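Residues per chain are reported as follows:
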Amino acid sequence: MRTLRELAECIARLSERTEHPAWVPGMTVFATPRVTHPLGDVTRPVLALIAQGAKRTVLADRVYDYQAGQYLIATVDLPVTAQITRASGSEPFLGLGLPLRETLIAQLLLETGAPRSADGPGTGIVTGDAEEELLDAVVRLLRLVERPQDFAVLAPGVEREIHWRLMTGPHGATIRRIGVADSRVSLVGQAVRWIGQRYDRTIRIADLAEAVGVSVPTLNRHFRAVTAMSPVQYQKHLRLQRARIQLLAAPEDIAAVGHAVGYDSPSQFSREYRRLFGAPPGRDALRLHAAPGN
């Protein structure tokens, strides 16, 4: 509990800073005193750790609830919906996101001879309780952020330790697959990057399968196991998540936003948007703009 309290204190301090002179690329800290509406995002391979409060992340029909002292790990780029479910003025939500680096995991596998594990069943997201050793390493990394003169020398070692703790922890097999080139996770990672570069265009699954070097049935089987959806469903979710982000900036230009993400038919865009987010684009954008903090 002491380590978790110190983690919360570090995140609270760092979230108030407007400049970060020394920072792990892609690392974020987040604090809010309010619960939030479900918001779409495309999560990268990441360790998302909660120090205070609670959060819900939804991937297709899979729901992941996690709270203080717990983490969520995403192993590939995934279009998710997330919301803060517990936060208040006296106990704000406090969380941290640390990118997981494929090259660092691969390097640790080579250097240590750690078991690569059979490429068995698994999903693109897992949750669990943060062990004391992992919390301690994250706290030490955040302390270094506040000591720029030490950061460049010591932070890479601590980041390496965090990856190692994850690789040898309860979900170690899932983490290790990120660094194995021919694993299911790595294959799906290649596929989602291919789709991400073409999300606003019509794609052929045969072309995608050829790009990642597997048959269409193999691609569909692995893709669904990791992401909980087919490649076509993934592209649709990605389009709609990108559209929702654009609508926050331009809520009055619904047809243009739909066209920008690949919809030629405004009615189809509105229909699929409503099915995913529970309201048509215009009404949803107004609701998001009216939410506290916007």
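All residue numbers refer to position in the chain's written sequence, counted from 1. Restriction of local features to residues with pLDDT of at least 70 applies here, the model being predicted, together with a cutoff of 80 or more for giving and counting side-chain atom pairs; totals for whole chains, interfaces and linings are based on all residues. Just so you know, side-chain values use all the structure's heavy atoms and leave hydrogens and water out.

Within a beta sheet, neighbouring strands are joined by backbone hydrogen bonds and run either parallel or antiparallel to one another. In this analysis, strands are considered paired if DSSP registers two or more bridges between them. Under the DSSP-based scheme used, a helix requires at least four consecutive residues in state H or I and a strand at least two consecutive residues in state E, with every element numbered from the N terminus. One open sheet accounts for 5 strands, arranged 1-8-3-6-9; its pairing is antiparallel. Because the sheet does not close on itself, it has two edges, and the strands there are strand 1 (28-32) and strand 9 (125-129). Averaged over all pairs of adjacent strands, the angle between their axes in this sheet comes to 20°, without regard to strand direction. Both strand 1 and strand 8 (residues 93-99) contribute to a ladder of 5 bridges, which runs antiparallel. Across the sheet, the residue bridging to threonine 28 is glycine 97, located in strand 8. Of the strands in this sheet, strand 3 (46-52), strand 6 (70-74) and strand 8 are in contact with helix 3 (residues 132-145), which crosses strand 8 at around 90°. To obtain each axis, a line is fitted to C-alpha atoms, and for helices this fit is confined to the stretch in contact; angles are then taken between N-to-C directions over 0 to 180 degrees. Residues count as neighbours in contact if any of their non-hydrogen atoms are within 4.5 Å of one another.

UniProt positions are given in the numbering used here, feature names are shortened, and annotations may be inferred rather than shown by experiment. UniProt feature "domain: HTH araC/xylS-type" (unreviewed entry): in the numbering of this structure it lies at residues 189-287. Structurally, residues 189-287 is divided into 74% helix and 0% strand, and its ends, taken at the C-alpha atoms, are 33 Å apart.

Let us now look at the pattern of salt bridges. By convention in these notes, a salt bridge is any Lys or Arg side-chain nitrogen within 4 Å of a carboxyl oxygen on Asp or Glu. Applying the stated criterion to the full structure yields 14 salt bridges. When the shortest N-O distance is used, the salt bridge between glutamate 161 and arginine 165 registers 3.4 Å. Residue glutamate 161 and its partner arginine 165 are located together in helix 4 (residues 148-167), separated by 4 residues, close to a single helical turn. Within this structure, Asp136, Arg140, Glu161 and Arg165 form a network of salt bridges that share partners.

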